[in-house]
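Topology and contacts: notes
If you want the building blocks of each chain, they are given just below.
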Amino acid sequence: MRRILICCLVLLAWLGADVQTALAGGQGYPGGGGQGYPGGGGQGYPGGGRPGQGSIVPSGDEMPATTSTVKPDAAAKKAYTAGLKSLNKAHEFEDVAAKAANPDKKAAALEKVSDAYGKALDQFTEALSNKGDMVDAWNGAGFVHLRLGAYSESIDDYNHALHLKSDLLEAVEHRAEAYMAVDRLDEAKAAYMDLFNHERPLADQLMATMQAWLDSHRTAANGMRPADIDSFGKWLQERDGIAKQTAATTP
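A short tour of the structure in this document, coming up.

The rules behind these values
- Residues numbered from 1 in each chain as written.
- Predicted model: local features only at pLDDT ≥ 70, side-chain atom pairs only at ≥ 80, totals over all residues.
- Heavy atoms only, no water.
- Helix = DSSP H or I, 4+ residues; strand = E, 2+ residues; numbered from the N terminus.
- Buried < 20%, exposed > 50% of the residue type's maximum accessible area, 1.4 Å probe, protein only.
- Contact = heavy atoms within 4.5 Å.
- Areas by Shrake-Rupley, 256 points an atom, 1.4 Å probe, with all protein chains shown as cover.
- Lys, Arg positive; Asp, Glu negative; His and termini not counted.
- Salt bridge = Lys/Arg side-chain N within 4 Å of Asp/Glu carboxyl O.
- Core = buried A, V, L, I, M, F, W, Y, C linked by side-chain atoms within 4.5 Å.
- Expected span 1.5 Å × (residues − 1).
- Polar contact = N/O pair within 3.5 Å; in protein donor to acceptor, adjacent residues only side chain to side chain.
- Axes fitted to C-alpha atoms, helices over the stretch in contact; angles between N-to-C directions.
- Parallel < 35°, antiparallel > 145°, perpendicular 65-115°, else oblique.
- Left-handed = near helix turned anticlockwise from the far one by under 90°.

For the rest of this paragraph, the subject is the overall build of the chain. When its secondary structure is counted, the chain shows 9 helices and 0 strands. Scanning the chain from its N terminus toward the C terminus, one meets helices and strands in the order α-α-α-α-α-α-α-α-α. When the 251 residues of the chain are sorted by exposure, 31% land in the buried category. Excluding contacts between residues fewer than 6 apart, the proportion of contacts in the chain whose partners are at least 24 apart in sequence is 47%. In the form shown here, the chain has an accessible surface area of approximately 16000 Å², with 56% of it arising from carbon and sulfur atoms.

Written out as structure tokens, the structure reads:
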């Protein structure tokens with residue numbers, strides 16, 4: 001009788017171990033997860049329960065990637081694209097103003113030009129608020145400031161653009177135009193030499209701006225010393241001669 005009792009106890013212990021194993025396995029789901037959640041997580045929480053109730057919450061580098069880093073880039077791209085459209089509108093209104101014979105129509109077109117440039121500037125600024133290293137947006141803002149006569153701001157914008165992309169020669173040329181507008185002749189001359197060696201059409205474009213500056217300052221010095229104006233005129237004449245000579249010999 002005693003032997004039968006011992007056998008029954010052993011059998012019960014064995015059955016108990018099987019029950020515990022079955023409960024740990026959870027109806028055939030891998031990793032012991034109840035209701036099909038891998039990793040032993042109750043009700044879909046990985047790691048065993050809700051956060052704060054014994055679960056394992058990823059930390060630091062283990063956190064899954066989110067779209068938070070993508071959203072600002074997408075917003076920047078959207079704002080920049082809108083800025084380009086506004087910039088194209090400004091160019092269209094400039095053409096209308098240039099062709100308008102009626103003074104009222106010309107004035108109305110010019111007002112639309114100003115509005116379109118202002119809108120473009122807001123949109124480029126929005127792009128930069130989302131992505132501060134967006135070269136194209138800095139370039140666009142620099143151009144708008146240049147066209148609106150905000151030359152110091154334009155120079156600052158182009159400085160940012162060229163800091164990020166030093167070989168953006170379009171920005172070099174436009175910044176030089178802003179330099180000329182504020183009588184920073186040495187910086188403009190250095191820009192011309194850079195363009196002359198790397199992008200002759202842009203150098204020729206800057207040469208035209210320089211010539212216009214010289215003509216206007218010979219008429220009205222606008223605070224410049226006559227000696228400085230004459231010195232710049234001699235440099236410009238020399239460079240123009242070199243440009244024409246090399247253009248004639250270039251195949």
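Residue position: Asp157 is located in helix 5 (residues 151-164). One buried charged side chain, Asp157, makes no salt bridge at all; its nearest oppositely charged neighbour is Arg175, positioned 11 Å away. The residues touching Asp157, leaving out its near neighbours within four places in the chain, are Trp138, Ala141, Gly142 and His145.

Let us now look at the nonpolar core. Membership of the largest hydrophobic core comes to 52 residues, with the highest contact counts inside it found for Tyr192, Met210, Trp213 and Phe232. When neighbours within four sequence positions are excluded, Trp213 is seen to be in contact with Met180, Asp183, Leu185, Met224, Ile229 and Phe232.

In this section: helix 4 (residues 135-148). Compared with the 20 Å implied by 1.5 Å per residue over 14 residues, the 20 Å span of helix 4 between its first and last C-alpha is a close match. Following helix 4 by one or two positions, Gly149 adopts a phi angle in the positive range, close to 85 degrees.

This part takes up the pattern of salt bridges. One pass over the structure, following the stated rule, counts 8 salt bridges. Between Glu94 and Arg147 there is a salt bridge, and its shortest N-O distance comes to 2.8 Å. Placement of the pair is Glu94 in helix 2 (residues 71-99) and Arg147 in helix 4, with a sequence separation of 53 residues. When the shortest N-O distance is used, the salt bridge between Arg184 and Glu187 registers 3.2 Å. Among the residues examined, Glu187 registers a relative accessible area of 31% and is labelled partly exposed. One network of salt bridges, in which partners are shared, links Asp73, Lys131 and Asp133.

On to unusual backbone geometry. Here the phi dihedral of Asp183 falls at roughly 65 degrees; this positive angle occurs in a residue that is not glycine. Checked against the element boundaries, Asp183 lands in the loop between helix 6 (169-181) and helix 7 (185-198). Of note, Asn222 is a non-glycine position whose phi angle comes to about 50 degrees, a positive value. Residue position: Asn222 is located in the loop between helix 8 (200-219) and helix 9 (226-249).

When you line up the elements, Ile229 lands in helix 9. Exposure remark for Ile229: the relative accessible area of 4% places this residue in the buried category. Sequence-wise, Ile229 and Arg218 are 11 residues apart; in three dimensions their C-alpha atoms are separated by 7.3 Å. Ignoring any residue separated from it by four or fewer positions in sequence, one finds Ile229 in contact with Trp213, Leu214, His217, Arg218, Ala221 and Met224.

What follows covers the side chain of Gln123. Turning to its location among the elements, Gln123 is positioned in helix 3 (residues 103-130). Polar contacts involving the side chain of Gln123 include one to the side chain of Ser86, which spans 2.7 Å. If we ignore the near neighbours within four places in the chain, the residues touching Gln123 are Ala79, Tyr80, Ala82, Gly83 and Ser86.

Helix 6 packs onto helix 4 with a crossing angle of 25 degrees between their chain directions and a minimal axis gap of 10 Å. Classified by the angle their axes make, helix 4 and helix 6 are roughly parallel. Between helix 4 and helix 6 lies a crossing of left-handed hand. Residues Asn139, Phe143 and Leu146 of helix 4 touch helix 6, and the partners they reach there are Glu170, Ala171, His174, Glu177 and Ala178.

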